[in-house]
Amino acid sequence: MFTALLDAARNSPFKTPFTKAQCDAGTVAPVRGRTIAAAASDEVEFGSTKFFVLCGLGGIISCGSTHTFVVPLDLVKCRLQVDQAKYKNVFHGFKLTLAEDGSRGLVKGWAPTFFGYSAQGAFKFGLYEVFKVQYANMLGEENAYLYRTWLYLGASASAEFFADMALSPFEAAKVKIQTMPGYANTMREAMPKMMGEEGIMAFYKGLVPLWCRQIPYTMMKFACFEKTVELLYAYVVPKPRDQCSKGEQLIVTFAAGYIAGVFCAIVSHPADVVVSKLNQAKGSSAFDVAKQLGFMGMWNGLMPRIIMIGTLTALQWFIYDGVKVALSIPRPPPPEMPESLKKKLGVQ
């Protein structure tokens, strides 16, 4: 399946997801009537296997590093979600954790976080680029532009579906370590114990609520980011992107990432609470946990999650874009209306 997708993307007539490539030995014309210099010889070819592999590597670096960086906040957030009677608020949660476990207690669960979100990042970002090109190919140049928000949503949802399969075992172990005192202190202790108690389903019983959390989150993360970047360059940044320095472009990336992150946190929070509680509650279903929590209970820990996810999302996009710059991976500009569509609509 993935080989077919890669082949289709690699052979796509679009040099970017929205514009048709017209290449010769010296020029590339992503948009009719607009010619830009051809890519440097050391730049990765857009749509090649190497392009998608390096995008996956960028996802590993951006997701693995950022999620590991905020493990202390994630730990307190999870404990707030599953035991608000004990952990009153974020500051009380930090204070109580330090008093009971010391400073090392704040980094519990760092290993499953690092490995799990590195694997998730590879699929999330790598497959997003694959599906975005593939779906644009299926829609055609004009429809890919007109329905680009739906394209972002579809590509990101498809990528996250597979990414969560890689994440689920590590997420289950992380929650056990962070929210069940005395269960296990490390991933090496937790995973064999979980396998012995519940079998392989211990690692995947939270997959469906994980999809319910992560797919809306990722759809918002990518679609909101892409549209925010487009709007920032159109109405806020005083010059076109191709006239901005790489540093200025990365600042725009960070700002758009933070805005997207706030919305991500809100739309995915109830499912996040259910996942945390489900992996703590042995033998319970997602429906049982949701019923037990009630509507208001599913919003426990929202504020620390907004802070965490806003920061995470901004850093992830900043790092991912930075990796693209460092590795000479093509970064398509904001989409422009195709000339054929301009003629149909009478747009100058």
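Before reading further, recall that the structure is shown in the block above.
This is a predicted model, so every value here is computed, not measured. (Residues numbered from 1 in each chain as written. Predicted model: local features only at pLDDT ≥ 70, side-chain atom pairs only at ≥ 80, totals over all residues. Heavy atoms only, no water.)

To continue, consider the layout of surface pockets. The probe, sized like a water molecule, is rolled over the atoms to show the empty space still left. Considering only enclosed or pocket space, the second largest pocket measures out at about 320 Å³ in volume. For the lining of the second largest pocket, the secondary-structure elements that each account for two or more residues are α5 (110-139) and α8 (187-198). In terms of residues, the lining of the second largest pocket owes the most to one element, α5, which gives four residues. Here the lining of the second largest pocket is built from residues that sort into seven nonpolar, four polar and four charged. (1 Å grid on protein atoms, 1.4 Å probe; cavity = no way out; pocket = protein on both sides within 12 Å on 5 of 7 lines; lining within 4 Å. Points joined across faces, edges and corners; volume = space filled by probe spheres on them. Helix = DSSP H or I, 4+ residues; strand = E, 2+ residues; numbered from the N terminus. Nonpolar A, V, L, I, M, F, W, Y, C, P; charged D, E, K, R; others polar.)

To continue, consider the packing of aromatic side chains. Under the defined criterion, the tally for this structure stands at 16 aromatic pairs. On the basis of an interplanar angle of 5 degrees and a centroid distance of 3.7 Å, the ring pair of Phe 225 and Trp 317 is categorised as stacked. Taken as a pair, Phe 225 in helix α9 (residues 207-236) and Trp 317 in helix α12 (residues 302-326) lie far apart in primary sequence, 92 residues in all. One exposure class covers both Phe 225 and Trp 317, and it is buried. (Phe/Tyr/Trp six-rings, centres within 6.5 Å; stacked < 30°, edge-to-face > 60°. Buried < 20%, exposed > 50% of the residue type's maximum accessible area, 1.4 Å probe, protein only.)

Taken together, Phe 254, Tyr 258, Met 303, Ile 307 and Phe 318 make up a surface patch of nonpolar side chains, about 450 Å² in accessible area. Residue assignment for the nonpolar patch shows that the elements contributing at least two residues are α10 (246-280) and α12. Of the residues forming the nonpolar patch, the biggest block, three residues, is contributed by α12. With respect to the helices, strands and loops of the structure, Phe 254 is situated in helix α10. (Patch = residues over 30% accessible without salt bridge, like charges linked within 9 Å, V, L, I, M, F, W, Y side chains within 5 Å. Areas by Shrake-Rupley, 256 points an atom, 1.4 Å probe, with all protein chains shown as cover. Salt bridge = Lys/Arg side-chain N within 4 Å of Asp/Glu carboxyl O.)

Turning to helix α7 (residues 148-179), a few remarks are in order. The end-to-end C-alpha distance of α7 is 41 Å, clearly below the 46 Å that 32 residues give at a rise of 1.5 Å each. The sharpest bend along α7 reaches about 45 degrees and sits at Leu 167, with the proline Pro 169 one to four residues further on. The buried fraction of α7 is high, at 26 of 32 residues. (Expected span 1.5 Å × (residues − 1). Bend = angle between axes of the 7 residues up to and from the residue.)

Attention now goes to empty space enclosed by the protein. Counted under the stated rule, the structure contains three cavities of 30 Å³ or more. The calculated volume of the largest cavity comes to roughly 370 Å³. Taken together, 24 residues make up the lining of the largest cavity; nearest its centre are Lys 132, Phe 225, Glu 226, Arg 241 and Pro 332. Looking at the lining of the largest cavity, the elements that each hand over two or more residues are α5, α9, α10 and α12. Of the residues contributing to the lining of the largest cavity, the split by class is 14 nonpolar, two polar and eight charged. In terms of domain composition, the lining of the largest cavity takes at least three residues from each of domain 1 (45-204) and domain 2 (216-326). Roughly 180 Å³ of internal volume is contained in the second largest cavity. Lining the second largest cavity are 21 residues, with His 67, Tyr 117, Arg 213, Met 308 and Ile 309 sitting closest to its centre. Among the elements of the structure, α2 (49-69), α3 (71-82), α5, α7, α9 and α12 are those that each provide at least two residues to the lining of the second largest cavity. Looking at the lining of the second largest cavity residue by residue, the classes come out as seven nonpolar, five polar and nine charged. (Domains from an automatic or database assignment.)

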